[in-house]
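# Overview (structure and organization)
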Amino acid sequence: MTTLDDPKVSMLLARLHREARGDMKYFLRAAPGMALAWLRRRPAFEALEPHLANAFLPVEPAAGRLLYLTARVLRARCVVEFGTSFGISTLYLAAGVRDSGGGRVIGSELAPSKRARALAHLAEAGLADFAEVRLGNALETLARDLDGPIDLLFLDG
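In what follows, the accompanying structure is described.

Parameters and conventions
Residues numbered from 1 in each chain as written. Predicted model: local features only at pLDDT ≥ 70, side-chain atom pairs only at ≥ 80, totals over all residues. Heavy atoms only, no water. Helix = DSSP H or I, 4+ residues; strand = E, 2+ residues; numbered from the N terminus. Rg over C-alpha atoms; globule rule 2.2 N^0.38 Å. Buried < 20%, exposed > 50% of the residue type's maximum accessible area, 1.4 Å probe, protein only. Areas by Shrake-Rupley, 256 points an atom, 1.4 Å probe, with all protein chains shown as cover. Lys, Arg positive; Asp, Glu negative; His and termini not counted. Charge placed at Lys NZ, Arg CZ, Asp CG, Glu CD. Expected span 1.5 Å × (residues − 1). Axes fitted to C-alpha atoms, helices over the stretch in contact; angles between N-to-C directions. Parallel < 35°, antiparallel > 145°, perpendicular 65-115°, else oblique. Left-handed = near helix turned anticlockwise from the far one by under 90°. Contact = heavy atoms within 4.5 Å. Nonpolar A, V, L, I, M, F, W, Y, C, P; charged D, E, K, R; others polar. Core = buried A, V, L, I, M, F, W, Y, C linked by side-chain atoms within 4.5 Å. Patch = residues over 30% accessible without salt bridge, like charges linked within 9 Å, V, L, I, M, F, W, Y side chains within 5 Å. Salt bridge = Lys/Arg side-chain N within 4 Å of Asp/Glu carboxyl O.

Further remarks concern the overall build of the protein chain. For the protein chain, the count of helices and strands is seven helices and four strands. Mapped from its N terminus to its C terminus, the protein chain presents α and β elements in the order α-α-α-α-β-α-β-α-β-α-β. Rg of the C-alpha trace for the protein chain: 16 Å, near the compact-globule value of 15 Å for 157 residues, within the 12% margin. Buried residues in the protein chain amount to 42% of all 157 residues. Approximately 8,700 Å² of the protein chain is accessible, and the part contributed by carbon and sulfur atoms is 58%. Within the protein chain, the 18 negative side-chain charges are centred at a point lying 4 Å from the centre of the 20 positive side-chain charges.

Take a look at the structure:
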């Protein structure tokens, strides 16, 4: 049995993936502003960003299992995640680290509310001891205090 088979982890991931299916509404609300930005030759992300505060932006379950397996195969002890959001990918990575004998996932999130929810999800799954989520710009938060080599880097920001 793996950590992903633990009922509290598997049920939490199933619930979060269900909740994330509603993310399309955020992108649809941003579409007019993104189109206008594109026509004005400005970064479309600026129009999208305000709508992302409540969007999960998750990995799909198959991609999450791939992250888990990658952490296991590498026996990753230090995983860095650029872009945590609500922590779905962090859960998969932390489960992989745990099942590989321990270590830490170090993530970063700009939005305080998303960070708080990611930390709550990690605690709910019993994986809080295997992950931390730093608040702020990942270019700054992940540029310091990384002890030892990084075994796996997930660029999801």
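That shown, we press on.
Moving on, we come to helix α5 (residues 88-99). Given a rise of 1.5 Å per residue, twelve residues ought to cover 16 Å, and the 17 Å separating the end C-alpha atoms of α5 matches this to within 8%. For α5, the buried fraction is high: ten of the twelve residues fall into the buried class.

Attention now moves to the packing of helix α1 (residues 7-20) against α5. Here α1 crosses α5 at 155°, and the two axes come no closer than 10 Å. As judged from the angle between their axes, α1 and α5 are roughly antiparallel. When you trace α1 past α5, the crossing you get is left-handed. Where α1 abuts α5, its residues Leu12, Leu13, Leu16 and His17 lie against Ile88, Leu91 and Tyr92.

Between α5 and helix α6 (residues 112-125), the shortest axis-to-axis distance is 9 Å and the interhelical angle comes to 40°. For the element pair α5 / α6, the angle class is oblique. Read as a crossing pair, α5 and α6 show a hand that is right-handed. On α6, the residues touching Thr90, Leu91 and Ala94 of α5 are His121, Leu122 and Ala125. Per-class residue counts for the contact of α5 with α6 are four nonpolar, two polar and no charged.

Here the focus is the nonpolar core. Ranked by size, the top nonpolar core spans 31 residues in total, and within it Leu91 and Leu127 carry the most contacts. Sorting the residues of this core by element identifies α1, α4 (61-74), α5, α6, β3 (131-135) and β4 (152-155) as the ones contributing at least two each. Looking at which element gives the most residues to this core, the answer is α5, with seven residues. Excluding residues that lie within four positions of it along the chain, Leu127 makes contacts with Thr3, Leu91, Ala94, Ala95, Arg98 and Leu122. If you look at the next biggest cluster of nonpolar residues, it comprises five residues, including Cys78, Val80, Ile106 and Ala138.

Looking now at a nonpolar patch on the surface. A contiguous nonpolar patch, built from Leu36, Trp38 and Leu39 and spanning about 390 Å² of accessible area, is present on the exposed surface. Position of Leu36 relative to the elements: it lies in helix α2 (residues 24-39). On the accessibility criterion, Leu36 (40% relative accessible area) is partly exposed.

This brings us to unusual backbone geometry. Positive phi values are uncommon outside glycine, yet Ser85 reaches one of about 55°. Relative to the helices and strands, Ser85 resides in the loop between β1 (78-82) and α5. The backbone phi angle of Asp145 is positive, close to 55°, even though this residue is not glycine.

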